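# Topology and contacts: notes
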Amino acid sequence: MLIPLFIASALASATGTADLTIGQLTFSACELSRPKSSATTAALCAPFEVPENRDAPNGRKIALRLALIRAESGSPKSDIVVYLAGGPGQAATETYSGMAGALAPLNRTHHILLLDQRGTGGSHALKCAHADEEKDYDDEDENNAGVDHEIEQMQSELTDCLSKLDADPRFYTTSDAVRDLEDVREKLGKPQFDLVGVSYGTRMAQAYLRAHADGVRSVILDGVVPNEMIVGASFAGDLESALKLDFVNCNKSPECAKRFGDPYKTLYALRGKLRDSPSRVTIADPQTFQPIQRSVNESTLAGLVRLFAYSSETAALLPLSLDQAIHGNYAPLLGQSKLISGDLDVSITGGMELSVICAEDADLLKPTPEDADTILGNKVLEGIQAECKIWPHGTRPADFHTPLKSDKSILLLSGENDPVTPPANAELVLKNLPNGRHLIAKGQGHNVILRGCLPRLAAKFVDTLDAKKLDAACVDTLGPVPAFLDFNGAAP
């Protein structure tokens, strides 16, 4: 059915699909997809190209996916909110649907800019196909494969990936991405940005702020990675601290303590059991319900527990899941972790992650004796360094790891029980921010901007540019999810 042009134009404006020109960029209607989901988000997209090698501007070009979520207001504010995704390796356009609720109050009066960082999503993604983790295991020695064998297999996979990769991984660092984002700002007519960085996105936000302070109006850092932080160095200790905090939730509950005893001791008893006798178990796939086989060993347990600790909901399942596992039922641990890791596998672009970490952190990692006997141990560090021996990588600027110093208005957010970016990280950054403020969400894990009243506070902060005067009493109402006593919940 044909619609008169003036009616079509009105409908387009009402639904946010009309073209929008800002500066030199014209955005047209598009849909943003999310991996492993049929749901899409209506947006506006603009073509954008940059040199792969920034020092060879006339050389090879790569396309970046650039999208805009139009402001609900017909008269949006001139400053633009920029969502910087985590990982490293996540794409802003692919993870936006999970952040939409947090950014909704801001989106009423601000456009939201989404740029897939080079090497992720629709921006020349550095994808590496790894062995299918869902296969049945036929190798009788699979459970007893040593660390050296695992590293050799990993390095072999990376070598194979590199032979097929149509990219130079040396040019996919945070510093390269900062220059990409500034190119976008210049094409937009140099508006000021309100940066919202999540996890690794906080590193990107700080790097951009240091390089282009004139282009930044405000900053929100959620799950803070200080510039001083060597990614990977504190993983083992931070996880250990978070687990102890999580298990206090059970220890304080008479019903939980009576039912499960001390979950921390159970965790280490389970590790000892798996260290002596790795297992291969069959469970029902939590999505297809088909039987699948899984190897369970000491390393598997460490990875599972780390995944559970990221959110307060899954952390609440740990005492019950560990109790089930120590009695031989690994299905709760393995099933839930499959759901979590499956989402991560499709949202994290492994090649870009390596390009960042190998250039910026790997050479500074040093395994420590005090971490050796923790649940995570030093294996993650050893794995990173082994991968970086294979993966081509660039270099970091000399001042890359120097502390951020800024008088900009900056709001820092942390989860009290965050296993990877604990509140101490934000406190370290806050020391050099005279106009900064740090809010801690009690009992919460990694990334908290979606929790409770924090979306409203974030919007209020961006509007007022005064973090210190925010009435943040509502944050104190947050707390941990009560530990599950059975699979129906926490009630006795």
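Just above sits the structure.
Presented here is a report on the structure given in the accompanying data block. In this text, all values refer to a predicted model and were calculated from it rather than measured experimentally. (Residues numbered from 1 in each chain as written. Predicted model: local features only at pLDDT ≥ 70, side-chain atom pairs only at ≥ 80, totals over all residues. Heavy atoms only, no water.)

A few words now on the packing of helix 4 (residues 174-187) against helix 5 (residues 200-211). The contact between helix 4 and helix 5 brings their axes to 9 Å, and the two run at 65°. Here helix 4 and helix 5 pass one another in a crossing that is right-handed. Along its contact with helix 4, which presents Thr174, Ala177, Val178, Leu181, Glu182 and Arg185, the element helix 5 presents Tyr200, Arg203, Met204, Ala207, Tyr208 and Ala211. (Axes fitted to C-alpha atoms, helices over the stretch in contact; angles between N-to-C directions. Helix = DSSP H or I, 4+ residues; strand = E, 2+ residues; numbered from the N terminus. Left-handed = near helix turned anticlockwise from the far one by under 90°. Contact = heavy atoms within 4.5 Å.)

Overall, the coordinates contain 2 aromatic pairs when judged by the stated rule. For Arg118, the ring lying beneath its charged end belongs to Tyr172, and the centroid distance is 5.7 Å. The residue whose ring lies beneath Arg306 is Phe235, and the NZ or CZ to ring-centre distance is 4.3 Å. (Phe/Tyr/Trp six-rings, centres within 6.5 Å; stacked < 30°, edge-to-face > 60°. Lys NZ or Arg CZ within 6 Å of the ring centre and 35° of its normal.)

This part takes up the side chain of Ser312. Considering the arrangement of structural elements, one finds Ser312 in helix 10 (residues 312-315). Among the polar contacts made by the side chain of Ser312, one reaches the side chain of Gln444 at a distance of 3.4 Å. (Polar contact = N/O pair within 3.5 Å; in protein donor to acceptor, adjacent residues only side chain to side chain.)

On to the pattern of salt bridges. Two side chains that carry opposite charge are able to pair once their charged atoms sit near each other. Counted according to the given criterion, the structure contains 21 salt bridges. We note a salt bridge from Glu182 to Arg185, for which the minimum N-O separation is 3.1 Å. One end of the pair is Glu182 and the other is Arg185, both in helix 4 and 3 residues apart, which spans about a single turn. Side by side, Glu182 and Arg185 carry an identical accessibility label, which is buried. Ionic pairing is found between Asp194 and Arg217, a salt bridge with its closest N-O pair at 3.1 Å. Of this pair, Asp194 sits in strand 9 (residues 193-198) while Arg217 is found in strand 10 (residues 216-222), placing the two residues 23 residues apart along the sequence. Accessibility assignment for this pair places Asp194 and Arg217 in one class, buried. A single salt-bridge network, built from bridges that share partners, covers Arg54, Arg118, Asp180 and Asp183. (Salt bridge = Lys/Arg side-chain N within 4 Å of Asp/Glu carboxyl O. Buried < 20%, exposed > 50% of the residue type's maximum accessible area, 1.4 Å probe, protein only.)

Before going further, it helps to spend a moment on the state of the cysteines. This structure, assessed with the given rule, holds 4 disulfides. Between Cys453 and Cys474 runs a disulfide, and the two sulfur atoms are separated by 2.0 Å. The disulfide joining Cys453 to Cys474 has a torsion of about 85° about its S-S bond and is therefore right-handed. With Cys453 in the loop between strand 14 (436-441) and helix 16 (454-464) and Cys474 in the segment after helix 16, this residue pair connects regions lying 21 residues apart in the sequence. Cys453 gets classed as buried once you look at its relative accessible area, which sits at 13%. (Disulfide = S-S within 2.5 Å.)

Okay, unusual backbone geometry next. Between Gly87 and Pro88 the backbone carries a cis peptide bond, its omega angle lying at -5°. In this fold, Pro88 is placed in the loop between strand 7 (80-84) and helix 2 (92-107). A positive phi angle is found at His124, which is not glycine, with a value near 55°. Residue His124 is classed as partly exposed on the basis of its relative accessible area of 25%. Positive phi, normally seen in glycine, also occurs at Lys190, with a value near 60°. Relative to the elements of secondary structure, Lys190 occurs in the loop between helix 4 and strand 9.

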